[in-house]
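# Observations on chain architecture
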Amino acid sequence: MSDPAFDVIVIGAGAAGMMCAIEAGKRGRSVLVLDHAKAAGEKIRISGGGRCNFTNLNTSPKNFLSGNPHFGISALSRYQPKDFIALVGRHGIAWHEKTLGQLFCDGSARQIVDMLLAEMQAAGAELRLATEVSNVERTADGFRVTTPGGALACRSLVVATGGLSIPKMGATGFGYDIAQRFGVPIVPTRPGLVPLTLTPDLLARLLPLAGVAVDASVRCGKTRFDEAMLITHRGLSGPAILQISSYWKQGETIEIAMAPGIDFFEVLRTARTQRSRQSLVTVLADYLPRRLAQLIAETHGADRHLADLSDKVLRAVEMDVNRWEVRPAGSEGYRTAEVTLGGVDTKALDSKTMEAKSVPGLFFVGEVVDVTGWLGGYNFQWAWASGWSAGQVA
């Protein structure tokens, strides 16, 4: 007896996988989605503090990291934020815009998962959860996928298995294994959008500031992000740090400005003239959280009047405030990383269809591919766009 046959099997019931299944199903293709998890779209459900930052109005190729920066242009231009917003609207899901073009559900992120499941059902796509795929093989007319319930045959196979981030949610490297099995190259992976850890001495110095947040400008090389930074009991976090972490590599230094756009040396010199009897911490506290101001002031003589501080000292204070150089010890790793950098090499894929150039019928979509977005809904937009693109042809 031959294996049960489908036109398309999608491995992975996440954002990209479900979107691909919907689009393939709309074309009249018989579609099966397999996932080893007990529920579909779990990363969608927990995203955005439970409200799902489902896209970003400012999406463009410049918001993504990849070995080939041009690879995402086709998919992102053919399926845009407005297209997903229209889908959300058809399902009556209320949403709002936060800062920097980020769109969130007014209610629960579960609404997005339910929407995708409803769309899959309407398109005739079948979903099998708690189903482990143990092997994938090439056949004369497609692929054979081995599961505990037996072997399944398909003409097109879509790998939407995600990356290595948040292993407690079941993340694995299975998608990379499939790629390598078929000779599709992999760009080395590392955690992205992840908090950075500090050396023991610096961490000990900053420990009293755990929980302090400040608007900052954080730079690594030529890349800079202006958003909030949070000091934690493990190191540095907050949007600005998560963003820069995707550009930072081990051994590199980041530069932090905690009063960005302000000539802090001039602020201090003016204060020394006009408020000479005040302490340094008093002036710093006008611009920084009090505990942070206290720590910086202690380094330069917190109990001294401004009148007693030389230009050299004021320059040193300005360096601490707006040119603070930090060499992180590392990152918190995949455990807390929101995304995985690297993955299936885009040089091996067709940018319009996501199909492997050397393996007809094999597609890779979403986070498993070497395309990683900034924080703020960009990675979901890549999932929708890449899944949609593969769904037009798989």
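Structure report, in brief. (Residues numbered from 1 in each chain as written. Predicted model: local features only at pLDDT ≥ 70, side-chain atom pairs only at ≥ 80, totals over all residues. Heavy atoms only, no water.)

Quick look at the overall build of the protein now. Counting its secondary structure elements, the protein contains 13 helices and 21 strands. Taken along its principal axes, the extent of the C-alpha atoms in the protein is 90 × 40 × 35 Å. The proportion of buried residues among the 394 residues of the protein is 53%. If you take every contact in the protein between residues at least 6 apart in sequence, the share linking residues at least 24 apart comes to 72%. A total accessible area of about 16600 Å² is found for the protein, and carbon and sulfur atoms account for 51% of it. Here the protein carries 41 positive and 38 negative side-chain charges, and the mean point of each set is 1 Å from the other. (Helix = DSSP H or I, 4+ residues; strand = E, 2+ residues; numbered from the N terminus. Buried < 20%, exposed > 50% of the residue type's maximum accessible area, 1.4 Å probe, protein only. Contact = heavy atoms within 4.5 Å. Areas by Shrake-Rupley, 256 points an atom, 1.4 Å probe, with all protein chains shown as cover. Lys, Arg positive; Asp, Glu negative; His and termini not counted. Charge placed at Lys NZ, Arg CZ, Asp CG, Glu CD.)

Here the focus is helix H11 (residues 290-299). Taken together, the buried positions of H11 are Leu292, Ala293, Leu295, Ile296 and Ala297. Residues of H11 that are buried sit in contact with helix H7 (200-206), helix H10 (280-284) and helix H12 (311-322). Of the residues trailing H11, glycine 301 is marked for its positive phi of about 95°.

This next bit is on the pattern of salt bridges. Going through the model one piece at a time under the given rule, you end up with 14 salt bridges. The closest approach of N and O atoms between lysine 26 and glutamate 23, which form a salt bridge, is 3.2 Å. With lysine 26 and glutamate 23 both in helix H1 (residues 15-26), this residue pair falls three residues apart, about one helical turn. Residues joined by salt bridges that share partners form a network here, namely Asp7, Arg29 and Arg155. (Salt bridge = Lys/Arg side-chain N within 4 Å of Asp/Glu carboxyl O.)

Tracing the chain through its elements places threonine 131 in the loop between strand E7 (126-128) and strand E8 (135-139). Within polar-contact distance, the side chain of threonine 131 engages the backbone oxygen of leucine 129 at 2.9 Å. Leave out the neighbours within four places in its chain, and threonine 131 touches Leu34, Asp35, His36 and Thr147. (Polar contact = N/O pair within 3.5 Å; in protein donor to acceptor, adjacent residues only side chain to side chain.)

Here we come to helix H13 (residues 378-391). Its 14 residues place the ends of H13 20 Å apart at the C-alpha level, agreeing with the 20 Å of an ideal helix rising 1.5 Å per residue. Within H13, 13 of the 14 residues are buried, leaving the element largely enclosed by the surrounding structure. (Expected span 1.5 Å × (residues − 1).)

With that settled, consider the sheet that holds strand E14 (residues 223-231). The strand order across the open sheet formed by seven strands is E17-E16-E13-E14-E15-E12-E18, and the pairing between neighbours is antiparallel. Pairing within the sheet leaves two strands with one partner each, and these edge strands are strand E17 (324-326) and strand E18 (330-331). (Pairing = 2+ DSSP bridges.)

This part covers the state of the cysteines. Tallied over the entire structure, the rule returns zero disulfides. Between cysteine 52, a free cysteine, and cysteine 105, which holds the nearest cysteine sulfur, the sulfur-to-sulfur gap is 5.4 Å. (Disulfide = S-S within 2.5 Å.)

Turning to the packing of helix H4 (residues 81-90) against helix H5 (residues 110-122), a few remarks are in order. The contact between H4 and H5 brings their axes to 10 Å, and the two run at 85°. In this view, H4 runs roughly perpendicular relative to H5, as classed from their interaxial angle. Contact with H4, carried on its side by Phe84, Leu87 and Val88, involves Ile112, Met115 and Glu119 of H5 and no other residues of that element. Looking at the contact of H4 with H5 residue by residue, the classes come out as five nonpolar, no polar and one charged. (Axes fitted to C-alpha atoms, helices over the stretch in contact; angles between N-to-C directions. Parallel < 35°, antiparallel > 145°, perpendicular 65-115°, else oblique. Nonpolar A, V, L, I, M, F, W, Y, C, P; charged D, E, K, R; others polar.)

Within the largest apolar cluster, 127 residues are counted, with the highest numbers of intra-cluster contacts made by Ile112 and Phe364. Look past the residues within four positions of isoleucine 112 in its chain and what remains in contact with it is Ile44, Cys52, Phe54, Phe84, Val88, Ile93, Cys105 and Trp384. (Core = buried A, V, L, I, M, F, W, Y, C linked by side-chain atoms within 4.5 Å.)

A few words on the sheet that holds strand E6 (residues 102-105). Strand order in this open sheet of three strands is E3-E6-E5, and the pairing throughout is antiparallel. At either end of the open sheet lies a strand with only one pairing partner, and these are strand E3 (53-56) and strand E5 (95-97). Averaged over all pairs of adjacent strands, the angle between strand axes in this sheet comes to 25°, irrespective of strand direction. Bridge count between E3 and E6: three bridges; the pairing is antiparallel. Within E6, the position partnered with asparagine 53 by the bridge is phenylalanine 104.

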